[in-house]
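Examining the three-dimensional arrangement
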Amino acid sequence: GQQVMQIPQYQHVQEGEDFTTYCNSSTTLSNIQWYKQRPGGHPVFLIQLVKSGEVKKQKRLTFQFGEAKKNSSLHITATQTTDVGTYFCAGPYTGGFKTIFGAGTRLFVKA
Amino acid sequence: EADIYQTPRYLVIGTGKKITLECSQTMGHDKMYWYQQDPGMELHLIHYSYGVNSTEKGDLSSESTVSRIRTEHFPLTLESARPSHTSQYLCASSESGWMWTDQETQYFGPGTRLLVL
């Protein structure tokens, strides 16, 4: 079945270091979304990418959508302790109506 | 912040009890979802609905049932709770896109943390 895979599963960084999580889909996606879930919280929408090769920035966060629209990445520059949490990518199910979430990358930031 | 609510926020219950987790949204969204998630782990879709009187089972086999009698309300019921049901249950909603394959932003509720003894 359709899958969205994320790596790494976990990442420990020192505050100030950069961080990247990668998302790969088994199918071509019409769009991809990214969510952040703080510890003890619920997922919160960050961004949606639609165009092939699209790059979007939100302050220290840079999101990319691959040319083939099958992969995406989230890069955080100079991590801060407030970046701690789990980052999920998500793509639309080709059969419609629902969303396929990646397993998430859990980011730990040491001060 | 989105207007989607879940009650109770925390629930401790004995094995065999029937429970209903409530979820309501005031955004008029057609699509609603239930996810099961262990802390910091993967989201597992257990039920979804794309409108009143329409419900579908998700990817994770679940012994729960749902109903969608009103647009704003999407309760989840466990007829007989078991320790294996201990988890966090997240409700979400989204608009319907122009195309049935569209993926709209999902707004999540705060979740219900369930502990079955």
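Residues numbered from 1 in each chain as written. Chains lettered and ligands numbered in written order. Predicted model: local features only at pLDDT ≥ 70, side-chain atom pairs only at ≥ 80, totals over all residues. Heavy atoms only, no water.

**What about the overall build of chain B?**
Cut-off, in case you're wondering: The helix count covers DSSP runs of H or I at least four residues long, the strand count covers runs of E at least two residues long, and both are numbered beginning at the N terminus. In this treatment the radius of gyration is a C-alpha quantity, and the globule benchmark scales as 2.2 Å times the residue count to the 0.38 power. Contacts are assigned to residue pairs with any non-hydrogen atoms lying within 4.5 Å of each other.
Along its length, chain B carries zero helices and eleven strands. Secondary structure of chain B in N-to-C order comes out as β-β-β-β-β-β-β-β-β-β-β. Since a compact globule built from 117 residues should have a radius of gyration of about 13 Å, the 14 Å found for chain B is in line with a globular shape. Dimensions of chain B, computed from the C-alpha atoms along their principal axes, are close to 45 × 25 × 25 Å. Look at the contacts in chain B between residues 6 or more apart in sequence, and 55% of them connect residues 24 or more apart.

**Let's talk about the overall build of chain A**
Heads up, the condition is: Three exposure classes are used, based on accessible area relative to the maximum for each residue type with a 1.4 Å probe and protein chains only: buried under 20%, partly exposed in between, and exposed over 50%.
Helices and strands together make up the secondary structure of chain A, namely zero helices and eleven strands. For chain A, the sequential pattern of α-helices and β-strands runs β-β-β-β-β-β-β-β-β-β-β. Taken over the C-alpha trace, chain A has a radius of gyration of 13 Å; the compact-globule value for 111 residues is 13 Å, and the two agree within 12%. Projected onto its principal axes, the C-alpha coordinates of chain A cover approximately 45 × 30 × 20 Å. Across the 111 residues of chain A, 49% fall into the buried class. The long-range fraction of contacts in chain A, counting pairs at least 24 apart against all pairs at least 6 apart in sequence, stands at 53%.

**Details of a nonpolar patch on the surface**
What counts here: Patches here: salt-bridge-free residues with over 30% relative accessible area, like charges joined within 9 Å, nonpolar side chains (Val, Leu, Ile, Met, Phe, Trp, Tyr) joined within 5 Å. All accessibility values rest on the Shrake-Rupley procedure with a 1.4 Å probe; residue burial counts only the protein chains present in the view. Each salt bridge in this description consists of a side-chain nitrogen of Lys or Arg and a carboxyl oxygen of Asp or Glu lying within 4 Å of one another.
Judged by side-chain polarity, Val12, Leu115 and Leu117 of chain B come together as a nonpolar surface patch covering roughly 290 Å² of accessible area. Assessed through its relative accessible area of 60%, Leu117 of chain B is described here as exposed.

**Examining the interface of chain B and chain A**
The condition that has to hold: Summed over both partners, the accessible area lost on bringing two parts together, with a 1.4 Å probe, is the buried area. Polar contact is the term for a pair of N or O atoms within 3.5 Å; when the atoms are in protein, one must be able to donate a hydrogen and the other to accept it, and sequence-neighboring residues count only if both atoms are side-chain atoms.
Contacts between the two partners involve 26 residues from chain B, matched on the other side by 28 residues from chain A. Both faces considered, chain B and chain A share a buried interface measuring about 2200 Å² in area, 51% of it formed by carbon and sulfur atoms. Connecting chain B to chain A are zero salt bridges. At the surface where chain B touches chain A, the tally comes to five residue pairs in polar contact (both at pLDDT 80 or more).

**Things to note about the nonpolar core**
Stated precisely, the cut-off is as follows: By convention a nonpolar core is built from buried Ala, Val, Leu, Ile, Met, Phe, Trp, Tyr and Cys residues, the set being connected through side-chain atoms within 4.5 Å.
Ranked by size, the top nonpolar core spans 20 residues in total, and within it Trp34 and Phe63 of chain A carry the most contacts. Secondary-structure elements contributing two or more residues to this core are strand E3 (19-25), strand E4 (32-37), strand E5 (44-49), strand E7 (61-65), strand E8 (71-76), strand E9 (85-92) and strand E11 (105-110) of chain A. In contact with Phe63 of chain A, not counting residues within four places along its chain, are Trp34, Leu46, Ile47, Leu49, Glu54, Val55, Lys56, Gln58, Ser73 and Leu74 of chain A. By size, the runner-up hydrophobic cluster in this structure holds 17 residues, among which are Ile19, Leu21, Met32 and Ala81 of chain B.

**Details of the pairing of E4 of chain A**
All names here are of chain A. Our working rule: Paired strands, as defined in this entry, are two strands with at least two bridges between them according to DSSP.
The buried fraction of E4 is high, at six of six residues. On E4, burial covers both faces: Ile32, Trp34 and Lys36 on one face and Gln33, Tyr35 and Gln37 on the other are all buried. Where E4 and E5 come together, five bridges link them in antiparallel fashion. Directly across from Lys36, in E5, lies its bridge partner Val44. Pairing of E4 with E9 involves five bridges; the strand directions are antiparallel. Considered in E9, the bridge of Trp34 is made with Cys89.

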